[in-house]
Each structure stands twice: as structure tokens, then as C-alpha cells.
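# Inside the fold
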Amino acid sequence: MKKYLQQYRPFLIFLGSFFLTYIILTFLYQCYLDGFDENTADDITTLVSKQSEWTLKLFGYEVSIAPVLNEWYVYYQNQTIVSIVEGCNAVSVFILFISFIVAFSGTFKNTAVFILAGTTFIYALNVFRIAMLTILLYEFPQYTHFLHGVLFPLIIYGMVFILWFVWITKYSKYAD
């Protein structure tokens, strides 16, 4: 048994680091969410909603947003097009991203900078995703499932995968 533990030590350290980071960050995020009334959107979701509205207006779309219980509705052409809920704020993606980076950590500075840059990029991509979904769902409501359930998750998780690949090959302790 000791032979196998020694042989697979790097893999076991990766798994332990990943899951420990994931559990801690998930716990902290849940504590954060517990600070909000169940009928009120959390501050991160509110910020994402307001920045999605700002992005759409930047591109010339006359949209508005309004809170409805614990979500935000985006209105365009006098229609509710999307609702932005806690799951849309990308925090779960941040937690997954950060857990992986920590599990393959490099120097403290590189790890911290890459986490900050990566989460900022994912955040901006998510705001753009919501803005694009709003317009695409208005124009092509028949493709709601494909756009929301397939295309945009593929884009977000695809970019996270690319960031992970860059991290492992350029900055982690395993980079050549």
C-alpha cells in the first residue's frame, strides 16, 4: 500500500488540494449567500445584472432590468427576455477554476495573479454571455435550450479549459 501511495503521491496531492479548495470556497460562498433573504438577490448577482444591462446599452440596445424576488429580469422591446438568478453569476465557475489552479499551483505570485486575471476574464465573459443571450433569445426564442443549455456553457467552460491548459503548460510547477 505504501508503494502505491508513494507512486501516486502527485495525483493524490492534486486531488486533495482540489477538493479541499473546492469545499472551502463552496462553504464560504454558501455562508455569503446565507446572509441574504431568500427573496432578495445577492450582491454579486445584482452586480452581474447591472453590468449586463450596461453592456447591452453600450451596444445600443434599449434594455432595462428590475429585481423580482431573488432574481433580476431583463426587459427588451417590452418583453421579459431573461431572468438572472444566483446561478448565472459565474461564482460556481470561479470556484471550479480556482480549485484547479490551486491544485496545480506554481509560485505564490504566479498563482495569485493567474487566479485574479482568470476570474476577471471569466466574469467579463459571463457578463457578455448574458448580454448576448438576451439579444439572441429575443431574436431566436426557438433556440433557447441550445443557446442557454449548450452553446454558452460550451463557450464558458471551453474558455476555462483553455485557461487551465495555459496555466499547466506555462505557469504551474509542472510547466517545462
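Scroll up to find the structure this text is about.
Quick look at the structure, then. Counting from 1, residues in each chain are numbered in the order their sequence is written. Owing to the predicted nature of the model, reporting of local features is limited to residues with pLDDT of at least 70; listing and counting of side-chain atom pairs is limited to 80 or more, with chain, interface and lining totals taken over all residues. Calculated side-chain values reflect all of the structure's heavy atoms, with hydrogen atoms and water omitted.

## Let's talk about helix H6 (residues 144-171)
Taking 1.5 Å of rise per residue, the 28 residues of H6 would be expected to cover 40 Å, and the 38 Å separating its terminal C-alpha atoms lies within 8% of that figure. The sharpest bend along H6 measures roughly 30° and falls at Pro-153. Accessible area is worked out with a 1.4 Å probe on protein chains only. A residue is then buried under 20% of its type maximum, exposed over 50%, and partly exposed in between. By definition, any uninterrupted DSSP run of H or I lasting at least four residues is a helix, any uninterrupted run of E lasting at least two residues is a strand, and each is numbered from the N terminus. Those residues of H6 that sit buried are Leu-147, Phe-152, Ile-156, Val-160, Leu-163, Trp-164 and Trp-167. Along its buried surface, H6 packs onto helix H4 (91-103) and helix H5 (108-139). Helix span, as expected, comes to 1.5 Å for every residue beyond the first. One fitted axis covers the seven residues ending at a residue, a second covers the seven starting there, and the bend at that residue is the angle between these axes. Only heavy atoms enter the contact rule, under which two residues are in contact if any of them lie within 4.5 Å.

## Considering the nonpolar core
Side chains of nonpolar character tend, in soluble globular proteins, to be buried together. Counting residues in each nonpolar core, the largest one holds 46 residues, and the members touching the most others are Val-74, Ile-84, Phe-94, Phe-97, Phe-100, Ile-101 and Ile-122. Mapped onto this core, the elements with two or more residues apiece are helix H2 (9-34), helix H3 (43-58), strand S1 (63-68), strand S2 (71-76), strand S3 (79-84), H4, H5 and H6. Examining the composition of this core, we find that 12 residues originate from one element, H5, more than from any other. Once residues within four sequence positions are removed from consideration, Phe-94 is found in contact with Asn-89, Thr-119, Ile-122 and Tyr-123. We define the nonpolar core as a collection of buried residues of types Ala, Val, Leu, Ile, Met, Phe, Trp, Tyr and Cys that are connected through side-chain atoms lying within 4.5 Å of one another.

## Examining the environment of Lys-173
For Lys-173, the position within the fold is in the segment after H6. Distance from Lys-173 to Gly-106, taken between C-alpha atoms, is 4.5 Å for residues 67 residues apart in sequence.

## Some points on the pairing of S3
At least two bridges found by DSSP between two strands are what make those strands a pair. Sheet analysis places S2 next to S3, joined by 5 bridges and oriented antiparallel. Across the sheet, residue Trp-72 finds its bridge partner in S3, namely Ile-84. Between S2 and S3, which pair antiparallel in sequence order, lie 2 residues; one of them, Gln-77, sits at a positive phi of approximately 55°.

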